[in-house]
Amino acid sequence: MRKIYVAGHRGMVGGAILRHLQARQAAGEALALVTRTHAELDLTHQQAVAAFFQAERPDVVVLAAAKVGGIHANNSYPADFIYENLMIECNVIHQAFAVGVTRLLQLGSSCIYPRAAAQPMREGALLTGVLEPTNEPYAVAKIAGIKLCESYNRQHGTDYRSIMPTNLYGPGDNFHPQNSHVLPALIRRFHEAAQAGADVVTIWGTGQPRREFLHVDDMAEASLFVLDLPGSAYQAMTEPMLSHINVGSGTDLPILDLAHMVAEVTGFAGRIETDPAKPDGTARKLMDVSRLAALGWRARINLRDGLADTYRWFLAHQAQLRQ
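Attention here is on the structure that accompanies the text. (Residues numbered from 1 in each chain as written. Predicted model: local features only at pLDDT ≥ 70, side-chain atom pairs only at ≥ 80, totals over all residues. Heavy atoms only, no water.)

1. Concerning the layout of surface pockets
To locate leftover empty space, one rolls a probe as large as a water molecule over the atoms. Our working definition: In this analysis, the protein atoms alone were mapped onto a 1 Å grid. Cavities are point sets where a 1.4 Å probe fits without being able to get out; pockets are open sets with protein on both sides within 12 Å along at least five of seven lines; lining residues have an atom within 4 Å of a point. Grid points are joined across faces, edges and corners, and a volume is the space filled by probe spheres set on the points. Strands here mean DSSP runs of E at least two residues long; helices mean DSSP runs of H or I at least four residues long; both are numbered from the N terminus. Amino acids are sorted into nonpolar (Ala, Val, Leu, Ile, Met, Phe, Trp, Tyr, Cys and Pro), charged (Asp, Glu, Lys and Arg) and polar (every other residue, Gly among them).
Each pocket or cavity is described by its volume, and for the second largest pocket that value is around 180 Å³. If you go around the second largest pocket, the residues you meet are Glu150, Asn153, Arg154, Thr158, Asp159, Tyr160, Tyr234, Gln235, Thr238, Glu239, Pro240 and Ser243. Considering each element in turn, the lining of the second largest pocket owes the most residues, three residues, to helix H5 (residues 136-156). When grouped by side-chain class, the residues that make up the lining of the second largest pocket number three nonpolar, five polar and four charged.

2. Looking at the sheet that holds strand S8 (residues 210-211)
Rule in force here: A strand pair is defined by DSSP finding two or more bridges across the two strands.
The three strands lie next to each other as S11-S8-S13, forming an open sheet whose pairing is mixed. The open sheet has two edge strands with one neighbour each: strand S11 (253-254) and strand S13 (284-285). Across two bridges, the pairing between S8 and S13 is parallel. In the strand pairing of S13, Arg210 is matched with Arg284.

3. Structural notes on the pattern of salt bridges
In plain terms, the rule: By convention in these notes, a salt bridge is any Lys or Arg side-chain nitrogen within 4 Å of a carboxyl oxygen on Asp or Glu. In this scheme, a residue with accessible area under 20% of its type's maximum is buried, one over 50% is exposed, and one in between is partly exposed, where area comes from a 1.4 Å probe on protein chains only.
For the structure shown, the criterion picks out 22 salt bridges. For Glu89, the salt bridge is made with Lys142, and the minimal N-O distance between the two is 3.2 Å. Note that Glu89 is positioned in helix H4 (residues 78-98) and Lys142 in helix H5, a separation of 53 residues in sequence. No difference in accessibility class separates Glu89 from Lys142, as the two residues are buried. A salt bridge links Arg122 to Asp288, with the shortest nitrogen-to-oxygen separation between them at 2.9 Å. A residue pair is termed long-range when its members are at least 10 positions apart, and Arg122 in the loop between strand S4 (103-107) and H5 and Asp288 in the loop between S13 and helix H10 (290-295) qualify at 166 residues.

4. Things to note about helix H9 (residues 255-266)
In an α-helix, one full turn covers 3.6 residues, which means residues spaced three or four apart are oriented alike. Under the convention used in this document: A helix is expected to span 1.5 Å for every residue after the first.
Spanning 12 residues, H9 covers 16 Å between terminal C-alpha atoms, matching the ideal 16 Å at 1.5 Å per step. Positive phi appears at Gly267, one or two residues downstream of H9, with a value of about 85°.

5. Side note on the sheet that holds strand S2 (residues 31-34)
Keep this limit in mind: Axes, fitted as lines to C-alpha atoms, cover a helix only where it is in contact. Angles between the N-to-C directions of the axes lie from 0 to 180 degrees. Throughout, a contact is declared for two residues whenever any of their heavy atoms are within 4.5 Å.
Across the sheet, six strands lie side by side as S2-S1-S3-S4-S5-S10; this open sheet has parallel pairing. Both outer strands of the open sheet, S2 and strand S10 (245-247), are each paired with one neighbouring strand and no more. Geometrically, the sheet is characterised by an average inter-axis angle of 20° between neighbouring strands, direction not taken into account. Across four bridges, the pairing between strand S3 (residues 60-63) and S4 is parallel. Within S4, the residue paired with Val61 across the bridge is Leu104. Running at roughly 155° to S2, helix H1 (residues 12-26) makes contact with strand S1 (2-7), S2, S3 and S4 of the sheet. Lying on the sheet, helix H7 (residues 216-228) is in contact with S1, S3, S4, strand S5 (159-165) and S10; it crosses S4 at an angle near 150°.

6. Description of the packing of helix H6 (residues 182-196) against H9
Formally: Should an angle fall under 35 degrees it is taken as roughly parallel, and over 145 as roughly antiparallel, whereas 65 to 115 is taken as roughly perpendicular and any remaining angle as oblique. By the definition used in this description, the sense in which the near helix is turned from the far one sets the handedness, with an anticlockwise turn below a right angle giving left-handed and a clockwise turn giving right-handed.
Direction vectors running N to C along H6 and H9 enclose 45°, while the axes themselves pass 9 Å from each other. In this view, H6 runs oblique relative to H9, as classed from their interaxial angle. When the axes of H6 and H9 are compared, the crossing they make is right-handed. Contact residues: H6 offers Val182, Leu183, Leu186, Ile187, Phe190, His191 and Ala194, while H9 offers Ile255, Leu258, Ala259, Val262, Ala263 and Thr266.

Distances and angles like these do not, on their own, reveal function.
In structure tokens:
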């Protein structure tokens with residue numbers, strides 16, 4: 001029986017991965033699943049993480065825990081973003097090695113790539129240029145996570161893998177009006193505008209930057225697909241010092257088009273205006289997913305269906321989200 005520790009199971013991605021693992025359990029796969037809430041285990045505390053790994057000794061680790069947020073949050077709390085993410089990665093990866101965990105999957109972010117990276121962004125674009133200033137501290141921390149995995153692999157012969165998802169959305173997302181990512185922020189704002197009968201919703205920036213989105217259930221499937229790959233297959237598609245794999249849908253759209261799609265899903269019938277005085281962020285962030293496609297995985301949930309699914313979840317959890 002494999003014992004799998006899912007770090008960050010209360011987050012959107014970790015929660016989806018845990019649900020998929022529980023479905024495997026229910027189907028008869030011999031799995032023991034280990035989780036801890038933040039209150040039970042603060043992953044930024046080295047001694048607490050060491051004690052946890054010594055006690056539990058998992059066979060496999062999925063590192064989905066991270067401090068995440070949108071442009072506003074990254075701009076407002078840069079020290080928190082770089083410190084907490086670095087500490088989580090250092091503690092979990094090192095202590096996993098210390099108790100003999102040979103396979104680990106670390107989840108990163110598409111923001112690791114340079115602001116001016118050629119589109120779509122290939123894995124080889126890493127460390128070839130200047131990062132987007134609005135989320136540089138977070139990006140540096142996630143790059144460090146990749147290099148931690150690669151360094152333990154090279155020195156100790158472990159099998160620690162990294163996947164870099166595009167913008168994720170879906171059930172369990174953060175819908176906070178200031179600290180959320182663009183898509184859940186739009187869902188909440190358009191929902192509230194529709195409920196209030198508002199005539200206008202104004203979105204940040206020009207609306208022209210293009211973004212790619214991936215439903216969290218697709219991300220969970222991709223995560224377990226990569227985790228389960230034989231070592232030979234993973235190594236054949238990667239390099240020792242360029243070992244991460246992009247995960248995305250392979251398509252993108254302008255933020256203004258996304259806003260119109262969200263308006264349709266939420267029932268908002270007013271005007272949509274832009275505010276060019278607010279930052280746009282990177283002009284385009286489309287992932288090259290050819291490496292993952294060559295391994296045999298592609299996204300299956302289209303954006304319109306995924307938005308409808310996410311909005312249904314939002315409506316069902318409004319009371320909790322207001323707390």
